[in-house]
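If you want the building blocks of each chain, they are given just below.
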Amino acid sequence: MIILSTEDNFTCLEAIVKFSEELTCEVAAFYFKSLDVTLLSFYRSPNGDFERFLDIFENIVSHRTCSGRVILCGDFNVQFLKLDAQARAFCDLAYSYGFDKLIFEPTRQLNCIDNIFKNF
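Worth saying up front: this structure is predicted, and the values here are computed from it rather than measured. Every residue gets a number counted from 1 within its own chain, in the order that chain's sequence is written. Selection of residues for local features in this predicted model requires a pLDDT of at least 70, selection of side-chain atom pairs for listing and counting requires 80 or more, and totals for whole chains, interfaces and linings are taken over all residues. Computation of side-chain values: all heavy atoms of the structure, hydrogens and water removed.

Q: I'd like a description of the overall build of the protein chain, backed by residues and values.
A: Helix and strand counts for the protein chain stand at three helices and six strands. Segments assigned H or I by DSSP are reported as helices when at least four residues long, segments assigned E as strands when at least two residues long, and all are numbered from the N terminus. Starting at the N terminus and walking to the C terminus, you meet the elements of the protein chain as β-α-β-β-α-β-α-β-β. With C-alpha atoms as the basis for the radius of gyration, the globule rule is written as 2.2 Å multiplied by the number of residues raised to the power 0.38. At 14 Å, the protein chain has a C-alpha radius of gyration in line with the 14 Å of a compact globule built from 120 residues. Looking at the protein chain as a whole, 41% of its 120 residues qualify as buried. When the accessible area of the protein chain is evaluated, it comes to approximately 6800 Å², of which 53% is carbon and sulfur surface. Throughout, exposure labels follow a simple rule: accessible area from a 1.4 Å probe, protein chains only, divided by the maximum for the residue type, with under 20% read as buried, over 50% as exposed, and the rest as partly exposed. What sets the accessible areas is the Shrake-Rupley method with a 1.4 Å probe; for residues, cover comes only from the shown protein chains.

Q: Please set out the pattern of salt bridges residue by residue, giving values where relevant.
A: Pairs can form between side chains of opposite charge once their charged atoms are near each other. The term salt bridge refers to a pairing of a side-chain nitrogen on Lys or Arg with a carboxyl oxygen on Asp or Glu at a separation within 4 Å. Summed over the entire model, instances satisfying the criterion amount to three salt bridges. Between Arg108 and Asp75 there is a salt bridge, and its shortest N-O distance comes to 3.0 Å. Residue Arg108 is located in the loop between strand S5 (100–101) and strand S6 (114–118), and its partner Asp75 is located in strand S4 (residues 69–75); the two are separated by 33 residues in the primary sequence. Asp75 sits in the buried class, given a relative accessible area of 13%. One salt bridge connects Arg108 with Asp114, and the closest N-O pair in it is separated by 3.3 Å. By sharing partners, the salt bridges in this structure join Asp75, Arg108 and Asp114 into a single network.

Q: Provide a residue-level description of the sheet that holds strand S2 (residues 26–32), including the pertinent values.
A: What links the strands of a sheet is backbone hydrogen bonding, and the strands pair in either a parallel or an antiparallel sense. Paired strands, in this sense, are two strands between which DSSP finds at least two bridges. The strand order across the open sheet built from six strands is S1-S2-S3-S4-S6-S5, with neighbouring strands paired in mixed fashion. Looking along the sheet, the strands with just one partner apiece sit at the ends: strand S1 (10–12) and S5. Two residues form a contact once any of their heavy atoms are found within 4.5 Å. Angles run from 0 to 180 degrees between N-to-C directions of axes, and those axes are lines fitted to C-alpha atoms, restricted for helices to the stretch in contact. In this fold helix H2 (residues 50–61) packs onto S2, strand S3 (37–43) and S4, with an angle of close to 170° to the strand it touches most, S3. Sheet contacts for helix H3 (residues 85–96): S5 and S6; angle to S6, the most-contacted strand, approximately 20°.

Below, the structure is given as structure tokens:
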């Protein structure tokens with residue numbers, strides 16, 4: 001949950017939220033007017049279909065409301081430090097849309113499954 005002091009500073013992006021599928025890809029999306037930044041927060045269950053997650057993720061980051069300065073964050077349940085096949089596929093897709101990974105340290109035990117990406 002995100003708590004803000006004034007509601008006129010942000011807009012919930014329902015056009016992005018509608019892409020959510022329980023367990024596969026759940027997303028909250030906000031545009032912050034004063035910062036001119038879109039924030040997308042993801043959750044992907046480790047029990048979800050990874051290929052379907054990638055499809056949904058690509059639909060989201062290619063959506064017209066994701067133009068401009070965008071931050072992607074969340075619990076992706078992808079092992080970023082091991083850089084296994086899932087991590088490579090996800091990072092390659094994020095990089096292809098101009099996003100850079102920001103977290104390179106463990107976030108859960110010895111691995112990094114939560115991360116932040118930005119395109120600016």
